[in-house]
Structure formats: C-alpha cells, structure tokens
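Reading the structure
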Amino acid sequence: MAKKLPEGLPIEHPACLAEVTYRFAFDGAHKALPSDPNAARLRLEAGNRAFAELLDQVAASRPARLSIDIDPHDVGLLPGRSTAPKQQPFAAIVGCADARVPVELIFSEGPNDLFVVRIAGNGLGDDVMGSLSYAIDHLASLRSIVVLGHSECGAVSAAVDVHLEPARYMEIMSQKDLRQIVDRTLVVIQLGATWLERVHGAEVVRRSGYRTTLIEVAIALNAALTAHGMRPGLNLADRSDIHVVYGVYVLEERLVWSPRRDGTDWFGLAPAPRDANEFVAICDLLVSSPRIRGLLDPP
Ligand SMILES: [Zn+2]
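Residues numbered from 1 in each chain as written. Predicted model: local features only at pLDDT ≥ 70, side-chain atom pairs only at ≥ 80, totals over all residues.

Here's the deal with the overall build of the protein chain
Stated precisely, the cut-off is as follows: Helix and strand labels come from DSSP, where a helix needs a run of H or I of at least four residues and a strand needs a run of E of at least two; each type is numbered from the N terminus. The globule rule used here is 2.2 Å times the number of residues to the 0.38 power, and the radius of gyration it is set against is calculated over C-alpha atoms. Counting other C-beta atoms within 10 Å of a residue's C-beta gives its exposure: the residue is buried at 20 or more, exposed at 12 or fewer, and partly exposed in between, where C-beta atoms are placed from the backbone. A pair of residues counts as a contact when their C-beta atoms, built from backbone coordinates, are separated by no more than 7 Å.
When helices and strands are tallied, the protein chain shows eight helices and 10 strands. For 299 residues, the compact-globule estimate of 2.2 N^0.38 gives 19 Å, and the C-alpha radius of gyration of the protein chain, at 21 Å, lies within 12% of that figure. Counting only residues that meet the buried cut, the protein chain has 37% of its 299 residues in that class. Nonlocal contacts in the protein chain, meaning residues at least 24 apart in sequence, comprise 72% of its contacts between residues at least 6 apart.

Here it is, written out as structure tokens:
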C-alpha cells in the first residue's frame, strides 16, 4: 500500500520517502516573477529552505513531497500549440561546475527561472563576464546576480594544497587551464590564511582542522570577492534594479550559508561587499563565525 503524507498526498512508490514533483500548472498557480531584488533573494532563500527541509525529512525517515509549480509557457506550451518561450529568468547564478550542486534543484526552481553560469571554482573569467553581460543587457526580468560557492570545492582545495605545499605547483605546471583557476584562487587563500592567523593566532596552522578550515574560508571569501567584482566588471552602475549577492552551499546541510554581522551562523545570501572596508568586515565575521571555529578542532 502506498504511504500517505500527513496532508493525504500519496507517494507513488512505497519505498520512496521523498518526491520532487514538477507541476505544469495550466490553472495559473505558478509563481509570478519577483518584482524587486529583495523579493528575488527571498524567493531563492525560501526555495533553498524547502529543498533542505525536504531532505531533512528523509534523514528523519519521514516521507516528504515538494511540488514545484511551473508556468507551461516557460517550456513553450500554450493551449493547443507549442511555441518558443521568451527567456525571463529572475536571477543569474554563477556557480561551480561541481555535480553535487544542481542549481535549479537546490533552489526549488524550474525552467526559465534561473540564468545559470557554472565554472570550476566559480571565478570571474571572460566567458563568465560575457554571459552575465548578455543577461544584464537583454533580460529585463533579471533582479539578482548570485555568486554561489560550495563547501568542499575541489578547485579551491587544489589551490589550498598548493598554498600549504608550494612544491605541488609542479603538478599543475603543464595544465594551463587548471593552473589559471589555481592562480586566481591563491589570492583569496593567502588572504584567508592571513585572517585566520590574525584572529586565532600564528599557531592556528597547527590545529588539526586547519586545512579544512582554510578551504572553507577561501570558498566564502572567493564568493564574496567575486560578487564584489561584478559591479565594476559589468554595466551595473545605474542598475539599482539588480542586486549582487553571494553565499556558500553547504553540501551536508543542503543550505546556502553566509556569515552574519551579529556573530551567529546564518542561512541565506549576503549582499556583495561594496568596498575594502566591507570586505575586511566580512573577513572578520567569517573567521570568527561558529561554523568556521567549529572546523578548526574537529571531534
Ligand atoms: Zn567547486
């Protein structure tokens, strides 16, 4: 017999604890486009929370279902005929190519909602900037640009290993493309290492979780710095209708995280730092945050 959810929705397969359903709602029940950048950020955060809560239910051996309503127009469906939809995403996401971070899924979004650019280490190369320039200039629906790092990023980890053991740079000397990613990331790793020592003392390098901590600090700083680089790099000076935010998708929690000014850990996206002072403030918040402190001395 099929299991029943509390609200009485049947799960089709008795062994399946969670279902994500894409509901093509011809009745107009789909979500409207966010009207401003704040609404766009709130929608992304709510979608991510719904995804994380779905899988939290699974972890607790409880059945759960997530329904994502999709406007049939967004896949070219109109009553009686098919036609190419107009492209109208409300957010552009610059994410890592890592297969564990399926962008639409973790934000509970469907087709035509997100303009996604993915590249290992989510850095700002020419192709990324060109893609974003196109989106800003041609997609009037755009309200938010999100730089999304993720925990345990392989690109950042490779650069941290070069920082900790510079001789390992020899291993990537012949790999020009990989070397470019590592070179770009080394700057934020140096910055992260400096800040960890400044806040936790020079002996921090001997703590058992130092490598992991430095990786996670660098991932967050990389996302913040990349987000900062958007405004001067793109034609955004007069675009108050588009905000740039950043966050880190934490794989084991399935939530987007960023450090918070009150010193607590925070679920959600943070505004891009506007200047060096704000970036320094983020460095302080980050290396003092409960999540980062917890990584320094693992159980
Ligand atoms: Zn990655």
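Read on for the rest.
Some remarks on helix α1 (residues 37–59)
Because an α-helix packs 3.6 residues into every turn, residues spaced three or four apart end up facing the same way. Selection criterion: A helix's residues, less one, multiplied by 1.5 Å, set its expected span.
Here α1 is 23 residues long and its end C-alpha atoms lie 33 Å apart, about the 33 Å a rise of 1.5 Å per residue gives. The set of residues buried in α1 consists of Pro37, Ala40, Arg41, Arg43, Leu44, Gly47, Asn48 and Phe51. Directly beyond the C-terminal end of α1, a positive phi value near 60° is found at Ser61.

Regarding the nonpolar core
Put simply, the test is: Nonpolar core, as used here: buried Ala, Val, Leu, Ile, Met, Phe, Trp, Tyr and Cys residues forming one set through C-beta atoms within 7 Å.
Judged by nonpolar contacts, the single largest core of 70 residues is most densely connected at Val146, Ala218 and Tyr246. Element by element, the count of residues in this core is highest for helix α6 (residues 210–233), at 13 residues. Apart from the residues lying within four places of it in its own chain, the contact partners of Tyr246 are Val146, Val147, Ala223, Ala224, Ala227, Ser258, Leu269, Ala270 and Ala272.

A short note on the pairing of strand β7 (residues 144–150)
Within a regular strand, the side chains alternate between the two sheet faces. Short version of the rule: Each pair of strands is called paired provided DSSP finds at least two bridges between the two strands.
Among the seven residues in β7, seven count as buried, and that is most of the element. Here β7 shows two buried faces, one formed by Ser144, Val146, Leu148 and His150 and the other by Ile145, Val147 and Gly149. Looking at chain direction, strand β5 (residues 91–95) and β7 are connected through five bridges and run parallel. The partner of Gly95 across the bridge, within β7, is Leu148. Judged from the seven bridges that link them, β7 and strand β8 (residues 243–250) form a sheet pairing that is parallel.

Description of the packing of α6 against helix α7 (residues 276–288)
Put simply, the rule is: Fitted lines through C-alpha atoms give the axes, limited to the stretch in contact for helices. The angle between two N-to-C directions lies from 0 to 180 degrees. For classification, angles of less than 35 degrees are called roughly parallel, those exceeding 145 degrees roughly antiparallel, those between 65 and 115 degrees roughly perpendicular, and all remaining angles oblique. For any pair of crossing helices, the crossing counts as left-handed if the nearer helix is rotated counterclockwise from the farther one by less than a right angle, and right-handed if it is rotated clockwise. Classes in brief: Ala, Val, Leu, Ile, Met, Phe, Trp, Tyr, Cys and Pro nonpolar; Asp, Glu, Lys and Arg charged; the others, Gly included, polar.
Two elements in contact, α6 and α7, have axes separated by 11 Å at closest approach and are oriented at 160°. Looking at the two axes, α6 sits roughly antiparallel to α7. As α6 packs across α7, the resulting crossing turns out to be right-handed. Here Val217, Ala220, Leu221, Ala224 and His228 of α6 come into contact with α7, specifically with Phe279, Ile282, Cys283, Leu286 and Val287. The class makeup of the residues in the contact of α6 with α7 is nine nonpolar, one polar and no charged.

Overview of unusual backbone geometry
Only a minority of non-glycine residues have a phi that is not negative, and only a minority of peptide bonds are not trans. The backbone of Asn112 shows a phi angle near 70°, a positive value even though the residue is not glycine. Mapped onto the secondary structure, Asn112 falls in the loop between α2 (103–106) and β6 (114–118). By C-beta crowding, Asn112 is classed as buried, having 20 other C-beta atoms within 10 Å. For Glu152, which is not a glycine, the phi torsion comes out positive at approximately 55°. By the element assignment, Glu152 lies in the loop between β7 and α4 (154–164). With 15 C-beta atoms packed within 10 Å, Glu152 lands in the partly exposed category.

Section: α6
With 24 residues, α6 extends 33 Å between its outermost C-alpha atoms, agreeing within 8% with the 34 Å of an ideal straight helix rising 1.5 Å per residue. Extensive coverage of α6 is indicated by the burial of 18 of its 24 residues.

Description of the environment of Ala155
Relative to the assigned elements, Ala155 resides in helix α4. Ala155 sits 141 residues away from Leu296 along the chain, and the two C-alpha atoms are 21 Å apart. When residues no more than four places from it in sequence are discounted, the contact partners of Ala155 are Cys96, Ala120, Gly121, Ile181 and Thr185.

Quick look at the packing of α4 against α6
Contact geometry for α4 and α6: axes closest at 9 Å, N-to-C directions at 125°. As far as their axial angle goes, α6 and α4 are oblique. As for how α4 packs across α6, the hand of that crossing is right-handed. Where α4 abuts α6, its residues Val156, Ser157, Val160 and Leu164 lie against Arg211, Leu214, Ile215, Ala218, Ile219 and Asn222. Class assignment of the residues belonging to the contact of α4 with α6 gives a composition of seven nonpolar, two polar and one charged.

A short note on the environment of Asp74
Mapping Asp74 onto the fold places it in the loop between β2 (64–70) and β3 (77–78). Overall, the presence of 18 C-beta atoms within 10 Å leaves Asp74 in the partly exposed class. Sequence separation of Asp74 and Asn277 is 203 residues, and the distance between their C-alpha atoms is 42 Å. In this structure Asp74 touches Pro85, Gly110, Pro111 and Asn112, once residues within four positions along its chain are discounted.

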